[in-house]
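Listed here are the chains, written in short residue letters.
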Amino acid sequence: MKLKYNPIGFVLEKGDVTTKLDVLEFLGVVNSREAKELILDLLKNQMANGGFPSRLDPRIAGIMETCRTSILLLRCGIPEDKSNIQAAVNFLLKHQREDGGWSENPELNIPTEMVELSNKKSVTWITADVITLLRKVGLGSGKACLKALKWLRESQLEDGGWFMFEGNGFEGSDPDSTARIAFLMKEVYGENDSVYLKGKRL
């Protein structure tokens, strides 16, 4: 399918800092002046608690934004032991829920139309993203990561998939969450992992 317009040019013109940097990293030009300026902009926006501002309310650090921004910065060459990354990871670890998962920041007000998010119950796909980050910074064998993996594995539904979060009002598995988590299980446990194979069949 041929696109009518160049989406990359549109994103670089209209996108926010994170989206623009994501595109430049995808294009392999993270050493360009534009990319370096965007990286500095992101780092300047990091909050005192180590988190990055939520798109829902920039006065409050978002779990999703903190995780995804940290992963992006790592992809752009920021060392895992740099204080910014360590502060972000510590922020996330402090917000792990009792069951092992992560929800969005309880301080945020989640609009009712954002059915994929919860700040009261652990969200499967956010938890998968945080696990990915923890593995990237060498904490894949740590207590927090193992607890999160255990929760995800125990949350697999009978059909092989995963919900976004328990009681989100939808019956059955969520395709996007399921795909993300299933391939995480393959990455962590290998292609013969029973949880991965059950999720893959869905």
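In what follows, the structure referred to is the one given above.
The rules behind the values
Residues numbered from 1 in each chain as written. Predicted model: local features only at pLDDT ≥ 70, side-chain atom pairs only at ≥ 80, totals over all residues. Heavy atoms only, no water. Axes fitted to C-alpha atoms, helices over the stretch in contact; angles between N-to-C directions. Helix = DSSP H or I, 4+ residues; strand = E, 2+ residues; numbered from the N terminus. Parallel < 35°, antiparallel > 145°, perpendicular 65-115°, else oblique. Left-handed = near helix turned anticlockwise from the far one by under 90°. Contact = heavy atoms within 4.5 Å. Nonpolar A, V, L, I, M, F, W, Y, C, P; charged D, E, K, R; others polar. Core = buried A, V, L, I, M, F, W, Y, C linked by side-chain atoms within 4.5 Å. Buried < 20%, exposed > 50% of the residue type's maximum accessible area, 1.4 Å probe, protein only. Phe/Tyr/Trp six-rings, centres within 6.5 Å; stacked < 30°, edge-to-face > 60°. Lys NZ or Arg CZ within 6 Å of the ring centre and 35° of its normal. Expected span 1.5 Å × (residues − 1). Salt bridge = Lys/Arg side-chain N within 4 Å of Asp/Glu carboxyl O.

A. Molecular detail of the packing of helix H4 (residues 63–75) against helix H5 (residues 83–94). Relative orientation of the contacting elements H4 and H5 amounts to 150°, with a least axis distance of 10 Å. As judged from the angle between their axes, H4 and H5 are roughly antiparallel. Considering the relative orientation of H4 and H5, their crossing is left-handed. Counting all contacts with H4, which are made through Ile63, Thr66, Cys67, Ser70, Leu73 and Leu74, the residues of H5 involved are Ile85, Ala88, Phe91 and Leu92. Broken down by class, the residue content of the contact of H4 with H5 amounts to eight nonpolar, two polar and no charged.

B. Looking closely at the nonpolar core. In this structure, Leu21, Leu73, Trp102, Ile126, Leu133 and Leu152 are the most contacted members of the largest nonpolar core, which totals 49 residues. Among the secondary structure elements, those contributing two or more residues to this core are helix H2 (17–26), helix H3 (33–44), H4, H5, helix H6 (124–136), helix H7 (143–154), helix H8 (175–189) and helix H9 (194–201).

C. Quick peek at the packing of aromatic side chains. Within the structure shown, the criterion is met by one aromatic pair. Lying over the aromatic face of Tyr189, Arg153 brings its terminal NZ or CZ to 4.1 Å of the ring centre.

D. The arrangement of H4 in detail. End to end, H4 covers 19 Å across 13 residues, agreeing with the expected 18 Å (1.5 Å per residue, within 8%). Among the 13 residues in H4, eleven count as buried, and that is most of the element. Within the span of H4, buried status applies to Ile63, Met64, Glu65, Thr66, Cys67, Thr69, Ser70, Ile71, Leu72, Leu73 and Leu74. Contact partners of the buried residues in H4: H2, H3, strand E1 (52–53), strand E2 (61–62), H5 and H6. Gly77 sits one or two residues past H4 and shows a positive phi near 100°.

E. Quick peek at the packing of H4 against H6. Relative to each other, H4 and H6 sit at 35°, their axes nearing to 10 Å. Handedness of the crossing formed by H4 with H6: left-handed. Of the residues in H6, those in contact with Ile63, Met64, Cys67, Arg68, Ser70, Ile71 and Leu74 of H4 are Trp125, Ile126, Asp129, Val130, Thr132, Leu133 and Lys136. The class makeup of the residues in the contact of H4 with H6 is nine nonpolar, two polar and three charged.

F. The arrangement of the pattern of salt bridges in detail. If you walk through the whole model with that rule in mind, you get eleven salt bridges. Two residues, Arg75 and Asp22, come together in a salt bridge whose shortest N-O distance is 2.5 Å. Residue Arg75 is found in helix H4, and its partner Asp22 is found in helix H2; the two are separated by 53 residues along the sequence. For Asp22, a relative accessible area of 33% puts it in the partly exposed group. Here Glu25 ties to Arg75 by a salt bridge, and the two come within 3.0 Å at their closest N and O atoms. Of the two residues, Glu25 is situated in helix H2 and Arg75 in helix H4; the sequence distance between them amounts to 50 residues. Given a relative accessible area of 36%, Arg75 falls into the partly exposed group. A single salt-bridge network, built from bridges that share partners, covers Asp22, Glu25 and Arg75.

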